[in-house]
Amino acid sequence: MTRPDSHYSPPSPPFRYDLTRMGTRHQIYIIAQVLGCYRVVAVFHIQSLYPPEAVHLAWCLLQLIENHTEPIEKELRCLKENSYSGRDTEYPCPYLAALLFQRVQDFYGPYKGTYPEDNNSGFTVIDVTDPDSPAYCFWGWSGDYGFSPGYPIAPKAYALRYYTEDEGERMFEDLDREVQNAIREIQNWRFIGRKDILSEAWESVESPMPAGIEEEPLSHGSEEFMKALRTVIGTGNAEDAQRMADKISTTHVVVESLRKTLRRETLPEHCNPILNKVFVITQELSRSDELDLSWMQLSPTQISQIVQAVVQTYSFKISGLDISGNDTITEETLSEIFKLEKAKDIKRVFLFGCSKVEDIRRADMPGRIGADEGVEVFNSYFPASLSEFRPWDTGSS
């Protein structure tokens, strides 16, 4: 990583408003490995944040990430599926970015200025490749606080070395108690100890996304199932589809075949009995409390019918519904789903990468689709102004 000149402003995705144009005082970069390449997925610039504060904030962010692992994992898949395309340069992960923005404001307000005389230029980096086990480090420009350029810095060293130029070396005991606690606690998380990870993430800011996930070829058993399905599609006959559905056995081969097909194409409506049967089988095999319809080309009618078939047949409650990556899903579709009696058990709905519902505020979504109070809906919405962040309050954890 080369040292920038004195007028250099670090590259960052051009967010909708100017929070990233506040200078280079302190920057928080969230990175993740996407299809084999580390890249920046969220960033926040703070007008002034001195290193001991940055360590405390990083500790809080790591806790926040671990408390939101499921939606973060599902949103990262949007990048792996290459679904954000044109919007990718705005904010690769809108939910994660909004979570980061809100957390910083919960602690410091939108324009941090406690130490306006300082011209801090430090960096916090958090790796969310595995949200269940996030990693972190700190770093700075060449010569900042006496550290080598571009290398990861440990939290204790980062907090203490800040004082060396003006006030000499401080002792750990001289730090504020909350900073001491943060330094002790943050070492329970993984540390990013490799410079090449930082270099790769930094260089990827303006690089195009790699190609999406490659599909493996169908197995022999899957090919036989698909041959029969193609025949039914060709007849256009709903009775033929029902007869095929009645004969489908509970095997992973059937599930594998249909999922791979639905990633590429939408089946005609007369094939709905087959879809319903296969997704009932899927739940029986997985024994999961989440119905996963993500990244499949399903029509609104097909989604509604599949949910109805599963919640009425499946012997366990469905508490989660993932329809991410579907460009046809609408408020009306979701409203129809929540009219189902057993759909009242659904408490989490994931809609990442669903273009027709991405502009609806998370706080408004349950009421608009007729979901009960307490239902969480996660979509790709990013607040259009600072005033909208309040409904995103992340609390104290």
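The paragraphs below set out a description of the structure included in this document. (Residues numbered from 1 in each chain as written. Predicted model: local features only at pLDDT ≥ 70, side-chain atom pairs only at ≥ 80, totals over all residues. Heavy atoms only, no water.)

Quick word on the overall build of the protein
Let me state the cut-off plainly: Strands here mean DSSP runs of E at least two residues long; helices mean DSSP runs of H or I at least four residues long; both are numbered from the N terminus. Note on areas: Shrake-Rupley, 1.4 Å probe, and residue coverage restricted to the protein chains presented here.
Counting secondary structure elements, the protein contains 14 helices and nine strands. Accessible area for the protein stands at about 17,400 Å²; split by element, carbon and sulfur atoms hold 46% of it.

Thoughts on the packing of helix α11 (residues 272-286) against helix α12 (residues 300-313)
The criterion, for reference: For helices, the axis comes from a line fit to the C-alpha atoms of the stretch in contact; other axes are also lines fit to C-alpha atoms, and the angle between any two N-to-C directions lies between 0 and 180 degrees. Relative orientations are named as follows: roughly parallel for angles under 35 degrees, roughly antiparallel for angles over 145 degrees, roughly perpendicular for angles from 65 to 115 degrees, and oblique for any other angle. Left-handed is the label given to a crossing in which the near helix is rotated counterclockwise from the far helix by less than a right angle, and right-handed is the label when the rotation is clockwise. Contacts were defined at the residue level, with two residues in contact if any of their heavy atoms lie within 4.5 Å. For this classification, the nonpolar set comprises Ala, Val, Leu, Ile, Met, Phe, Trp, Tyr, Cys and Pro, the charged set comprises Asp, Glu, Lys and Arg, and every other residue, Gly included, is treated as polar.
Between α11 and α12, the shortest axis-to-axis distance is 9 Å and the interhelical angle comes to 45 degrees. In this view, α11 runs oblique relative to α12, as classed from their interaxial angle. Between α11 and α12 the crossing geometry is right-handed. From α11, N272, L275, N276, F279, V280 and Q283 reach across to α12, where they touch T301, Q302, Q305, I306, A309, V310 and T313. Of the residues assigned to the contact of α11 with α12, the class counts are six nonpolar, seven polar and no charged.

A few points about a negative patch on the surface
Our working rule: Here a patch means residues that are over 30% exposed by relative accessible area and free of salt bridges, tied together within 9 Å if like-charged and within 5 Å if nonpolar (Val, Leu, Ile, Met, Phe, Trp, Tyr). Any Lys or Arg side-chain nitrogen located within 4 Å of an Asp or Glu carboxyl oxygen qualifies as a salt bridge. Only four residue types enter the charge count: Lys and Arg as positive, Asp and Glu as negative, with His and the chain ends excluded. We put the charge of a Lys on NZ, of an Arg on CZ, of an Asp on CG and of a Glu on CD. Only protein chains enter the calculation, and the probe is 1.4 Å; a residue is then buried if its accessible area is under 20% of its type maximum, exposed if over 50%, and partly exposed in between.
Taken together, the side chains of E66, E73, D130 and D132 present a region of like negative charge at the surface. Mapped onto the fold, E66 is located in helix α1 (residues 51-66). E66 gets classed as partly exposed once you look at its relative accessible area, which sits at 33%.

What about helix α6 (residues 177-186)?
Threshold: Here, the arc refers to the directions that run from the helix axis to the C-beta atoms.
Those residues of α6 that sit buried are V179, Q180, A182, I183 and I186. What you see down the axis of α6 is that its buried residues fit within an arc of 160 degrees, all on one side.

Focus on the environment of W202
Of note, W202 is situated in helix α7 (residues 195-203). The sequence separation of W202 and R39 amounts to 163 residues, and the corresponding C-alpha distance is 7.0 Å.

Points about the pattern of salt bridges
Applying the stated criterion to the full structure yields twelve salt bridges. For D196, the salt bridge identified is with R194, shortest N-O distance 2.6 Å. K339 serves as the salt-bridge partner of E336, at 3.1 Å between the closest nitrogen and oxygen. E336 sits in the partly exposed class, given a relative accessible area of 43%.

Some points on the sheet that holds strand β9 (residues 376-379)
Inclusion rule: Any two strands are treated as partners once DSSP identifies two or more bridges connecting them.
The strand order β6-β7-β8-β9 describes an open sheet built from four strands, whose pairing is parallel. Looking at strand neighbours, the two that pair on one side only are β6 (290-292) and β9, the edges of this open sheet. Each strand axis lies, on average, 10 degrees off the axis of its neighbour in the sheet, ignoring direction. Here four bridges tie strand β8 (residues 348-351) to β9, and the two strands are oriented parallel to one another. Paired with R348 across the two strands is E376, which belongs to β9.

Some points on the pairing of β8
Put simply, the test is: Orient the strands so they point away from the viewer, and a crossover whose first-strand-to-second-strand path over the helix runs clockwise is right-handed.
Of the two faces of β8, both are covered, the one formed by R348 and F350 as well as the one formed by V349 and L351. Bridging between strand β7 (residues 320-322) and β8 involves three bridges; their strand directions are parallel. In the strand pairing of β8, G320 is matched with R348. Viewed along the sheet, the connection from β7 through helix α13 (residues 331-337) into β8 turns out right-handed.

Side note on the packing of α1 against α6
It is the contact of α1 with α6, at a shortest axis distance of 9 Å, that shows an interaxial angle of 50 degrees. On the basis of their axis angle, the class for α1 and α6 is oblique. Two packed elements cross with a definite hand, and for α1 against α6 that hand is left-handed. Here P52, V55, H56, A58, W59 and L62 of α1 come into contact with α6, specifically with E178, V179, A182, I183, E185 and I186. Counted by class, the contact of α1 with α6 contains nine nonpolar, one polar and two charged residues.

Some points on the side chain of T69
Along the chain, T69 turns up in helix α2 (residues 69-80). Residues within four places of T69 in sequence aside, it is in contact with P131 and D132.

Remarks on α2
The condition is simple: One less than the residue count of a helix, multiplied by 1.5 Å, gives the span that helix is expected to have.
Between its terminal C-alpha atoms α2 stretches 17 Å, which fits the 16 Å expected from twelve residues at 1.5 Å a residue. Residues of α2 that are buried include every one of T69, P71, I72, K74, E75, L76, C78 and L79, and no others.

Structural notes on the nonpolar core
Generally speaking, soluble globular proteins have nonpolar side chains that are buried together. What counts here: Take the buried residues of types Ala, Val, Leu, Ile, Met, Phe, Trp, Tyr and Cys, join any two whose side-chain atoms come within 4.5 Å, and each joined set is a nonpolar core.
Ranked by internal contacts, the top residues of the largest apolar core, which has 68 residues, are I30, V41, L100 and V128. A per-element tally of this core places α1 first, with ten residues. Setting aside residues up to four positions removed in sequence, I30 forms contacts with R39, V40, V41, A42, L96, L100, I126 and V128. If you look at the next biggest cluster of nonpolar residues, it comprises 50 residues, including M226, L293, I303 and L340.

Thoughts on unusual backbone geometry
For L35, which is not glycine, the phi dihedral falls at a positive 55 degrees. Take L35: it is sitting in the loop between β1 (26-34) and β2 (37-46). Classification of L35 by relative accessible area gives partly exposed; the value is 31%. For R287, which is not glycine, the phi torsion reads 55 degrees and is therefore positive.

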